[in-house]
Amino acid sequence: MMKYLFGCICSLLLLLPSGLGAQGSDEKRPPVTRTFFLNNAYVVQSPGKVIDLGSVLIRDGLIQAVGKDLKAPADAKVMKADSMYIYAGFIDGLSNLGVPKPKEDDRSNRGRGQREYNPSYERAGIQTERSVVDMLSPEDKALSEMRAIGFTAAHVVPRGGMLPGQGAVILLGGDDAGKMIVSEGSSLFAQFQGASGVYPNTDMAIMSKFRELYTQARQHKTHSESYAKNARGMSRPAQNDVLAAFGESIDGQRAIFFAVDGIKEMHRALTLSKELGFPLALAEVTMGQKAIAPLKASGASIFLTLDLPKAKAEAKKGEKEETDEEKMMLEKQRAAAQQMHEEQAAMLSKSGLAFGFSTLNAKAKDIRPNLERMIKAGLTEDQALAALTTTPAQMLGLSDIMGTVEKGKIANLVVTDQPYFAKGANIRYVFVDGMPSEYEVKKKKKKKPGDPDAKVMAAGEWNLEIDVPMEQMATPTLTITDEDGSLSGKLVSGMGTNDISNMSLEGDNLTFSYTTEGGGQTVTVSFDLTIDGDSLEGSMSAGSFGSFDVEGSREPKK
């Protein structure tokens, strides 16, 4: 599809493939092989356990072998991984990945006016019978955004109110929702989110309603089980899918995941779990260092939020410092709160509490910077890696199939050119269920020599090479004509010719551009090149389609 669009931009770009300028290659092509071999890499099997210059063999979605001195089978595609770093794919403890936001409708206006004290389950946001697997969309762009930063699996839950439904663990890859599912019904999801204009709509009302529902569910379960054993003389239990959904939690077999916003909501969820006796998982936790003792006593699984308050930008040079006393006090309070958010992970680790991470409210682009802030605040890299891999795998009951790089586990892997947490590290491959997405390193634009007095000759026939990520280079020909200092030219590819009349040469810097209609839009294609004798280099940009490195050499005169 993108190849077609590029063809619309210009005949040159028709040669270029899909995925240009993107973080990774997500084309839906039938796989040529499902066997891959990564060689001579640092294999981080688990936090602190590394095989130096080892290999990983992947076959049919599973890790078939890990170790040193392995040989690539004849049917394997060998992936370039020399001196790179291989990690287990990251696991998101709670999110809405793959669950599209509901469309705005008249429900946004419901509940205004007369207050309802006994609304239907749906109006009150109580929908425990729903399963997130019925809502999944492989087309959700958030899946590819999270995959591009190393996440390969996630515990996902429905969107909604107080009790939106049942969660599932999914893989963040593939174009079939059914094949994404690892485990269904892995949790009940709850949050302190009241319904508009109806009961319950406050935290205390939600707690009261939750107690009522749980007590009714326990009674419903007891009645149903007794009736199943001996129905004679007993009234038939009413069908109630909302109450029945609590059954596994009442038996202690399924955790209720509470997404909490702040320390008060965390204590309220802990109170409900202690009173009613259900297994609890807390997600989106903030300020957990203020509740270490009750968290330890609860035995709850803990998932810290990866959504941190925005860091304050450093003052620019020459910028006046704030002198207003009230504003200065507010800024100190803001800075102290920010520090507590950043230090939370390190302090919980120091106390001996294990935790994973959740991304319910986080944006993919902020996650790696936020991890960097946590590490700067005292979290070690091994602790951060554990919170992304082994700990969520254990808490979600997935340790047998993911979380470490071991034989027999699902081939969910992250491959980086430097240690993942190193500044400037780039993700090169992410494997989900054994299938790779490849990511190219964006080359930094080379500095121009910047010599306005340089004497160069632009005229001639130039063979260009345009570096397109993950594909063979496009190789058009640029012919430049110089008529008394006035430059013009033509760019020729296998699909046609583009005439150029607005060339400019200043010193050694050659620039030109042209516009073209394609894909329903007007796109400007621009070249910025530096000539050095019979060689040139620089970049080409094509609007929103991205920028690409260009090199070229001049054909000798015949």
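Position numbers for residues count from 1 along each chain, tracking the sequence in the order it is written. Local features in this predicted model are restricted to residues of pLDDT 70 or higher, and side-chain atom pairs are both shown and tallied only at a pLDDT of 80 or more, whereas totals for entire chains, interfaces and linings draw on every residue. Values reported for side chains reflect all heavy atoms of the structure, with hydrogen atoms and water molecules removed beforehand.

Description of the packing of helix α4 (residues 203-229) against helix α7 (residues 263-276)
Helix-helix packing is characterised by the crossing angle of the two axes and by the distance between the axes. Rules: Helix axes are fitted to C-alpha atoms over the stretch in contact, other axes to C-alpha atoms as well, and angles between N-to-C directions run from 0 to 180 degrees. Runs of H or I in DSSP of at least four residues are treated as helices and runs of E of at least two as strands, each being numbered from the N terminus. Just so you know how the angles are binned, under 35 degrees is roughly parallel, over 145 roughly antiparallel, 65 to 115 roughly perpendicular, and the rest oblique. Crossing chirality is assigned from the near helix's rotation relative to the far helix, an anticlockwise turn below a right angle marking it left-handed and a clockwise turn marking it right-handed. Contacts are assigned to residue pairs that have any heavy atoms within 4.5 Å of one another. Each residue is assigned to one class: nonpolar for Ala, Val, Leu, Ile, Met, Phe, Trp, Tyr, Cys and Pro, charged for Asp, Glu, Lys and Arg, and polar for all the others, Gly among them.
At a minimum axis distance of 11 Å, the contact between α4 and α7 shows a crossing angle of 20 degrees. The pairing of α4 with α7 is recorded here as roughly parallel in orientation. The two elements α4 and α7 meet at a crossing, and its hand is right-handed. Taking contact as the criterion, the partners of D203, M204, M207, F210, R211, Y214 and R218 in α4 are, on α7, E265, R268, T271, L272, E275 and L276. Residue composition of the contact of α4 with α7, grouped by class: six nonpolar, one polar and six charged.

What to know about the environment of G552
To keep things clear, this is the line we draw: When a residue's accessible area, from a 1.4 Å probe over protein chains only, is under 20% of the maximum for its type it is buried; when over 50% it is exposed; and in between it is partly exposed.
One can find G552 in strand β25 (residues 547-554). Look at G552 and you get buried, because its relative accessible area is 14%. Remark: the alpha-carbon pair of G552 and E537, spanning 15 residues in sequence, is separated by 6.3 Å. If we ignore the near neighbours within four places in the chain, the residues touching G552 are W462, N463, L464, D534, S535 and L536.

Structural notes on the packing of aromatic side chains
Quick reminder of the rule: Aromatic contacts are taken between Phe, Tyr and Trp rings whose centres are within 6.5 Å, Trp giving its six-membered ring; a plane angle under 30 degrees counts as stacked, one over 60 as edge-to-face, and the others as tilted. By the criterion adopted, a ring carries a charge over it if an Arg CZ or a Lys NZ lies within 6 Å of its centre and within 35 degrees of its normal.
Scanning all chains against the criterion turns up 17 aromatic pairs. Measuring from ring centre to ring centre gives 4.9 Å for Y42 and Y85, while their planes differ by 20 degrees; the resulting arrangement is stacked. One end of the pair, Y42, is in strand β1 (residues 35-46); the other, Y85, is in strand β5 (residues 85-88), and 43 residues separate them in sequence. By relative accessible area, which is 24% here, Y42 ends up partly exposed. Relative to Y420, the ring of Y87 has its centre 6.5 Å away and its plane inclined at 75 degrees; by these criteria the two rings are edge-to-face. Of this pair, Y87 sits in strand β5 while Y420 is found in the loop between β14 (413-416) and β15 (427-432), placing the two residues 333 residues apart along the sequence. Since its relative accessible area comes to 3%, Y420 is described here as buried. These aromatic residues form a ring-pair network of at least three members: F192, F210, Y214, F246, F258 and F278. Taking the ring centre of Y420 as reference, the NZ or CZ of R368 above it sits at 4.4 Å.

Considerations on the sheet that holds strand β7 (residues 151-156)
The line we're drawing: A pair of strands is labelled paired if DSSP reports no fewer than 2 bridges between them.
As summarised here, the arrangement of the eight strands in space is β6-β7-β8-β9-β10-β11-β12-β13, forming an open sheet in which the pairing is mixed. Two strands close off the open sheet at either side, each with one partner strand: β6 (90-95) and β13 (356-358). Going across the sheet, the axis of each strand differs from the next one's by a mean of 30 degrees, ignoring polarity. The pairing of strand β10 (residues 256-259) with strand β11 (residues 280-285) spans four bridges and is classified as parallel. Paired with A259 across the two strands is A283, which belongs to β11. Across the sheet, helix α11 (residues 381-388) is in contact with β6, β7 and β13; its angle to β13 comes to roughly 60 degrees.

Things to note about the nonpolar core
Spelled out, the test is: By nonpolar core is meant a set of buried Ala, Val, Leu, Ile, Met, Phe, Trp, Tyr and Cys residues that side-chain atoms within 4.5 Å join together.
Within the largest apolar cluster, 99 residues are counted, with the highest numbers of intra-cluster contacts made by F151, F210, F258, F278, L282, F355 and F357. For this core, the element with the highest residue contribution is α4, accounting for six residues. Counting residues in each nonpolar core, the second largest holds 21 residues, with V525, L529, L536 and V550 among its members.

Observations regarding the side chain of T305
Convention followed: Definition of a polar contact: a pair of N or O atoms within 3.5 Å, with one able to donate and the other able to accept a hydrogen when the atoms are protein atoms, and with sequence-neighbouring residues admitted only if both atoms are side-chain atoms.
Relative to the elements of secondary structure, T305 occurs in strand β12 (residues 301-305). According to the relative accessible area criterion, T305 is buried, its value standing at 4%. Side-chain polar atoms of T305 contact the backbone nitrogen of D307, separated by 3.0 Å. Other than its neighbours up to four places away in sequence, T305 contacts E284, V285, T286, S358 and M374.

Remarks on the pairing of strand β3 (residues 62-67)
Sheet analysis places strand β2 (residues 49-59) next to β3, joined by five bridges and oriented antiparallel. Paired with S55 across the two strands is G67, which belongs to β3. Between β2 and β3, which pair antiparallel in sequence order, lie two residues; one of them, D60, sits at a positive phi of approximately 55 degrees.

Considering the confidence of the model for the chain
Which entries qualify depends on this criterion: In predicted models, pLDDT denotes the confidence assigned by the predictor to each residue on a 0 to 100 scale.
In the predicted model, the chain carries a mean pLDDT of 87, and the fraction of residues at 70 or more is 84%. Taken as a whole, residues 1-27 scores under 50 in pLDDT and shows 75 contacts with residues more than four places along the chain or in a different chain.

A closer look at the pattern of salt bridges
To be explicit about the condition: What makes a salt bridge here is a side-chain nitrogen of Lys or Arg within 4 Å of a carboxyl oxygen of Asp or Glu, nothing more.
A full pass over the atoms with the stated rule returns twelve salt bridges. Here E275 ties to R211 by a salt bridge, and the two come within 2.7 Å at their closest N and O atoms. Within this pair, whereas E275 is found in helix α7, its partner R211 is found in helix α4, the two being separated by 64 residues in sequence. The exposure class of R211 is partly exposed, given its relative accessible area of 28%.

What to know about unusual backbone geometry
Where the residue is not glycine, phi is negative for most of them; where a peptide bond is considered, it is trans in most cases. Following Y199, the chain continues into P200 via a peptide bond in cis, with omega recorded as 0 degrees. When you line up the elements, P200 lands in the loop between β9 (181-191) and α4. Phi is positive for N40, which is not a glycine, with a value near 55 degrees. Residue placement: N40 occurs in strand β1.

Considering the pairing of β12
Two faces, one strand: in a regular strand the side chains alternate between the faces of the sheet. Test applied: Looking down the strands as they point away from you, a crossover is right-handed if its path from the first strand over the helix to the second goes clockwise.
Summarising burial for β12: five of the five residues are buried, a large majority. The sheet contact formed by β11 and β12 spans four bridges and is parallel. Bridge pairing in β12 links V285 to L304. Once you follow β11 into helix α8 (residues 292-298) and on to β12, the crossover reads as right-handed. Sheet analysis places β12 next to β13, joined by three bridges and oriented parallel. Within the sheet, the bridge partner assigned to L304 lies in β13 and is F357.

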